[in-house]
Each structure stands twice: as C-alpha cells, then as structure tokens.
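Structural overview for review
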Amino acid sequence: MDAHDPPPAAAPPLERRPEDELEEVRELVAGGAPLTGSLASRFYRAVHALDPAATEESLAPLPGNRGVHLYETLVSWAPIVPGEQVVDLGCGSGGATRAAARLTGPEGMVVGIDMSPEALDEARSRTDPELPVLYRRGDVRRLGTVPDRTFDCALASMVLDTVDDLEPVLTEVFRILRPGGRFVASVTAFDRLRPIDASFMGAVIAVVGRHAPGALAGRASRASIPHEPADAYAFREVGLATVEEQDVQFAVVMEDVEDAWALFGRTYIARVLGEEGRDELRRVLERRTPHTLYLPLRFLRTRRPG
Ligand SMILES: C[S@@+](CC[C@H](N)C(=O)[O-])C[C@H]1O[C@@H](n2cnc3c(N)ncnc32)[C@H](O)[C@@H]1O
C-alpha cells in the first residue's frame with residue numbers, strides 16, 4: 001500500500017438500513033439472545049454506520065488525568081517518529097489516524113482501516129488532504145492484502161473491546177508489524193471504576209439487565225483487556241507476550257441529565273435499548289446527576305520481538 005494506490009472503490013451499499021438492522025438485534029437481545037458472535041457483529045456494524053464519529057466526539061474532548069488525551073497520548077506513547085509507516089486498525093472517524101500522521105510527517109504514511117464505509121467516509125471528510133493518510137476498507141481479523149512485516153507501528157483506539165475473540169486480530173497485528181514494531185491500543189477498564197462510579201454504572205447497567213438482558217451475557221465478571229485469561233493467552237500465543245499498561249481516567253462532568261445524555265446517548269449501552277429502556281435510562285441519569293464520572297481507560301503497548 002502506498003500513496004500511489006488507486007483510489008478506494010466506492011463503498012458497497014448496506015444490505016439493509018442500519019436502523020432496521022439495529023431494531024432486529026434489539027428485539028433479539030431483549031428476548032435474552034446473547035450479544036456475542038454474529039449478533040454482536042451485526043450490532044456494532046449498525047451502530048457504527050449510524051453514528052461513525054461517536055467515539056471521537058464524545059471521548060476525545062474529555063479531560064484525562066495528567067493531561068492524557070485519547071489520541072495524542074496513544075500516538076505519543078507509541079512513540080511515532082517522522083518517516084514511520086503506521087496502521088490504525090478500526091480507525092473510525094480517523095482521530096488517531098490524523099494524530100499519527102502529524103507525527104510521521106510527509107516522509108511517513110498512515111493507513112486507516114475500518115470495516116464500516118460510513119466511518120471511512122467520515123474519516124476522509126475530517127482529514128486534511130495534505131496529511132500522509134490512506135483510508136481502506138477491511139476487516140482487521142483478516143488483512144490478507146497487507147504484506148507481512150509492513151508497519152513500524154499498529155494502533156487500535158477503542159476497538160479491541162468490540163472484538164469477540166482477540167486472537168485473529170493479534171495474529172494479524174504480529175504478521176503485519178516489522179520485527180521490533182510496536183502495537184499500541186486503548187481499551188476501557190471498567191474493572192478500575194471508583195466505588196462511587198461503580199454504583200453509578202451499576203444503576204445504568206441494571207437498566208440494560210431489565211430491557212436487554214442478552215447484552216450482559218458473559219460480561220458481568222469479565223476482567224478488562226488484557227487481564228481476562230483468554231485475552232492474556234491470546235497476546236502470549238501470537239508472540240506479543242509483554243504488554244505494558246497505563247491506566248488513566250477521563251472526567252465526565254455531568255451537571256444534569258442533558259450532560260449525561262450527551263455521553264450515554266451515544267454509547268453502546270443506549271444503542272442496545274429500545275425506546276422504553278432509553279426512557280428509563282434517562283430517568284436514572286436524571287436521578288443520579290449531578291455527578292462526575294471518572295471513566296477508566298487503559299493504554300496498552302507491546303512489541304513484536306525484533
Ligand atoms: C469504538 S469505534 C473507535 C473508532 C476510532 N478508532 C476512535 O477511537 O475514534 C470502533 C471502530 O472499529 C471498527 N471495527 C470494529 N471491528 C472491526 C473489524 N473487525 N475490522 C475493521 N474495523 C472494525 C468499527 O467499524 C468502528 O469504526
């Protein structure tokens with residue numbers, strides 16, 4: 001892949017409207033069908049099609065402790081230097097892609113890959129054509145057209161949480177990194193909530209339990225990446241054995257329900273709920289605000305042995 005690649009093919013049309021797809025998934029999940037496997041893929045695909053900039057617009061502006069920023073911190077922690085070849089896996093609206101491209105400079109290149117054509121359209125519209133960026137459609141579990149040992153650095157900003165099984169993604173990461181290349185990712189770390197915020201989130205999750213019980217299947221006792229045994233095993237198995245971690249918090253200041261809805265209304269939590277569930281979620285948020293929620297995230301860094 002280089003700057004002389006032909007322009008990307010037009011995004012194929014969705015088979016169904018994402019609203020209809022989401023409605024069907026919601027009904028199944030409300031009936032208790034576990035939100036895993038292909039049902040989870042359909043859910044995330046529809047949500048990202050409907051609101052491709054949700055992560056960038058709701059998380060990137062939040063103040064992180066110690067001046068942490070969702071994208072700039074990820075790329076500076078990598079660290080990315082001028083001239084490097086970088087891939088941003090699950091690039092969404094391109095926040096991390098652009099932050100990386102500002103560091104590689106014109107001698108380098110950043111390829112943003114996402115499975116959602118809507119996200120790629122959004123990313124292209126937000127990206128200065130002067131930046132050394134290419135956007136490509138692809139599934140990060142199967143990057144068949146990307147040659148082995150292509151990149152100095154792979155990024156995955158807020159993507160790994162939506163992947164059912166990490167091993168295929170990490171296998172591809174290992175394959176496309178040059179020896180010594182880095183993989184840096186950000187994930188949620190709900191196992192690090194402060195007790196007062198766990199109580200807040202518990203009230204929110206209870207609404208999900210009542211209206212969309214399938215969405216909680218297998219999640220209640222799950223440790224955050226990379227601590228769940230299956231995840232730790234996946235990192236080790238593919239050869240990315242040592243994972244450094246930096247836990248950080250992002251402050252969500254919610255004076256009232258409107259502030260709370262600005263964040264929660266665009267989350268997977270609200271998207272999995274039908275109208276009744278969303279109404280109840282708003283009432284819960286109304287009762288629980290004002291509140292400042294410290295949203296725990298985790299930055300991960302590992303490297304393909306050189
Ligand atoms: C929560 S959004 C994060 C977007 C962006 N990285 C950011 O931080 O703003 C997750 C993104 O990953 C993409 N994604 C999820 N699974 C994927 C897969 N298997 N292959 C490619 N993209 C995927 C989604 O389409 C979505 O745009």
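Residues numbered from 1 in each chain as written. Predicted model: local features only at pLDDT ≥ 70, side-chain atom pairs only at ≥ 80, totals over all residues. Heavy atoms only, no water.

Examining the overall build of the chain
Under the convention used in this document: Under the scheme used here, helices are H or I runs from DSSP no shorter than 4 residues and strands are E runs no shorter than 2 residues, and both carry numbers assigned from the N terminus. Our radius of gyration looks at C-alpha atoms and nothing else; its globule reference is 2.2 Å times the residue count to the power 0.38. What makes two residues a contact is simply this: any of their non-hydrogen atoms within 4.5 Å. When charges are counted, neither His nor the chain ends are considered; positive counts come from Lys and Arg and negative counts from Asp and Glu. A single reference atom marks each charge: NZ on Lys, CZ on Arg, CG on Asp, CD on Glu.
Within the chain one finds twelve helices and seven strands. Against the globule reference of 19 Å for 306 residues, the chain gives a C-alpha radius of gyration of 19 Å, in line with a compact fold. Taking the intrachain contacts of the chain between residues at least 6 apart in sequence as the baseline, contacts between residues at least 24 apart amount to 80%. Charge-centre separation for the chain: the mean point of 35 positive side chains lies 3 Å from the mean point of 47 negative side chains.

Some remarks on the site of the ligand
Selection rule: Only a single heavy atom is needed: when it lies within 4 Å of a molecule or strand, its residue is near that molecule or strand. Here a polar contact is recorded for every N or O atom pair within 3.5 Å, except that within protein the pair must consist of a potential hydrogen donor and a potential acceptor, and residues adjacent in sequence are included only if both atoms are side-chain atoms. Any residue outside Ala, Val, Leu, Ile, Met, Phe, Trp, Tyr, Cys, Pro, Asp, Glu, Lys and Arg is labelled polar, Gly included; the first ten of those are nonpolar and the last four are charged.
Near the ligand you find 18 residues, and of these Tyr-71, Gly-90, Asp-114, Val-140 and Ser-157 are the closest. A distance of 2.7 Å is found between a nitrogen atom of the ligand and a backbone nitrogen or oxygen belonging to Gly-90. Side-chain polar atom of Ser-157 to an oxygen atom of the ligand: 2.6 Å apart, as the coordinates give it. Class assignment of the residues belonging to the shell around the ligand gives a composition of seven nonpolar, eight polar and three charged.

Quick look at the environment of Met-158
Following the sequence through the fold, Met-158 ends up in the loop between strand S4 (151-157) and helix H7 (166-176). Sequence separation between Met-158 and Leu-297 is 139 residues; the distance between their C-alpha atoms is 9.1 Å. Residues in contact with Met-158, not counting those within four places in the same chain, are Thr-55, Leu-59, Leu-70, Ser-186, Val-187, Thr-188 and Leu-297.

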